[in-house]
Every structure is written in structure tokens, then in C-alpha cells.
Amino acid sequence: MYFKNGNVYEGIFQNGVPDGNMTITMSNGDFYEGHMKAGLKSGKGKYVWISGEVYIGEWADDKRNGRGQLSSPSGIVYSGTWKNSLLSGNGIETRPDGYKFEGIFENGHKKEGKEILPNGDVYEGTFLNERPHGFGKETLHDGSIYEGMFENCTSLTAIPSNL
């Protein structure tokens, strides 16, 4: 079925509204394949943006809600629990250069967890604005270990704990 906005819907309709398994080709080139309820993405589905990003996972009320994975063409992958289309709860971010974060996200931002940098440095602790902030432990690739308070990625009271 063709809609005025140029989107093409194929699947099950109830009273002219998408309701059930559906494939949608958007007028902008995006694509969705999955379940819909009362015209909204709901249940399991796959969304492919024209930019090359792909989300596979659970939906509710037309938003990413529940478990899912978002992959970018550059190789960055976010997987975990989503709420209102943002990572919220346990999740993992990986990048092709070896970067990895595993921990708790809140409203799409790192809150607490373990971050491994491509050079082998590791930070375990809390975050603010995507940077180490609050109590944490930093283990550098040379074996140096700093533990204490961090602010905006800078050690305030952290002292070497491997002396």
C-alpha cells in the first residue's frame, strides 16, 4: 500500500492501519521489516537507515525499547537494553580500533562500567559526559594503576596503588 508521504507498506492491515508483520520502504530510502501494532513499530524488527546504520531488536511505540543492537557502517556497535531509542541499562559499545565499553548506560550515555582503550589502558568506574568522572580505577598499559576520584577524565585524588 502506498501512502501520501511516499512510504510503501507491505503486510497486514487492520482498518487501514499497519498491524502485524510488515515491510516498509520509506520515501527517504530507509527500510523497516518487523512487527507493527496500531501503525507503530512494536515487537521485534529490523530498521536499516539509508546511511547504512542497522538496528535489530525490540520496539515499542515506534521507538527502540528492549534488547537490541545498533551497528554503524564504520564498525561501531552498540548492543544492550534500549529505552525510548537510547541505550539505557546494561550495554556494550565496541569499535573496530579495539575500543570497548561494557557497563551501564543512562539516556544514551555511559554511567558506570569498564572502558578499554585501543592502547590497552583500562578505566573502571563512573562516567559523566562520556568521560571518567567520580570514583574509579585506571590501569595504564605500562602497568601503572591509579585509584581515586576523577573529574572530566583527570585524576584529582587518584594515587598510584602499585607502589
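As a starting point, this report considers the structure included with it. The shown structure was predicted, so the numbers you read here are calculated from the model rather than taken from an experiment. (Residues numbered from 1 in each chain as written. Predicted model: local features only at pLDDT ≥ 70, side-chain atom pairs only at ≥ 80, totals over all residues. Heavy atoms only, no water.)

## Topic: the side chain of S72
No. 1: Structurally, the position occupied by S72 is in the loop between β6 (63-71) and β7 (77-83).
No. 2: According to the relative accessible area criterion, S72 is buried, its value standing at 18%.
No. 3: One polar contact links S72 to S74, side chain to side chain, over a distance of 2.9 Å. (Helix = DSSP H or I, 4+ residues; strand = E, 2+ residues; numbered from the N terminus. Buried < 20%, exposed > 50% of the residue type's maximum accessible area, 1.4 Å probe, protein only. Polar contact = N/O pair within 3.5 Å; in protein donor to acceptor, adjacent residues only side chain to side chain.)

## What to know about the environment of K114
No. 1: Among the structural elements, K114 can be located in strand β10 (residues 109-116).
No. 2: Remark: the alpha-carbon pair of K114 and F101, spanning 13 residues in sequence, is separated by 5.6 Å.
No. 3: Ignoring anything within four residues of it in the chain, the contact list for K114 reads K100, F101, E102, V122, Y123 and E124. (Contact = heavy atoms within 4.5 Å.)

## Here we look at unusual backbone geometry
No. 1: Although it is not a glycine, N15 sits at a positive phi angle of roughly 55°.
No. 2: Tracing the chain through its elements places N15 in the loop between β1 (8-14) and β2 (17-25).
No. 3: When its relative accessible area of 81% is taken as the criterion, N15 is described as exposed.
No. 4: A positive phi angle, close to 50°, is found at N107, a residue other than glycine.
No. 5: By secondary structure assignment, the location of N107 is in the loop between β9 (100-106) and β10.

## Thoughts on the packing of aromatic side chains
No. 1: With the rule as written, the count across this model stands at ten aromatic pairs.
No. 2: Ring centres of Y55 and W82 lie 5.5 Å apart, and the angle between their planes is 80°; on these two criteria the pair is classed as edge-to-face. With Y55 in strand β5 (residues 54-60) and W82 in strand β7, this residue pair connects regions lying 27 residues apart in the sequence. For the pair Y55 and W82, one class covers both residues: buried.
No. 3: For the pair F101 and F127, a centre-to-centre distance of 5.2 Å together with 90° between the ring planes defines the contact as edge-to-face. Here F101, found in strand β9, pairs with F127, found in strand β11 (residues 122-128); they are 26 residues apart in sequence, far enough to count as distant.
No. 4: An aromatic cluster is present here, built from Y32, Y47, W49, Y55, W59 and W82 joined pairwise through their rings.
No. 5: Of note, R64 hangs over the ring of Y55, and the distance from its end group to the ring centre comes to 5.6 Å.
No. 6: Taking the ring centre of F101 as reference, the NZ or CZ of K110 above it sits at 5.8 Å. (Phe/Tyr/Trp six-rings, centres within 6.5 Å; stacked < 30°, edge-to-face > 60°. Lys NZ or Arg CZ within 6 Å of the ring centre and 35° of its normal.)

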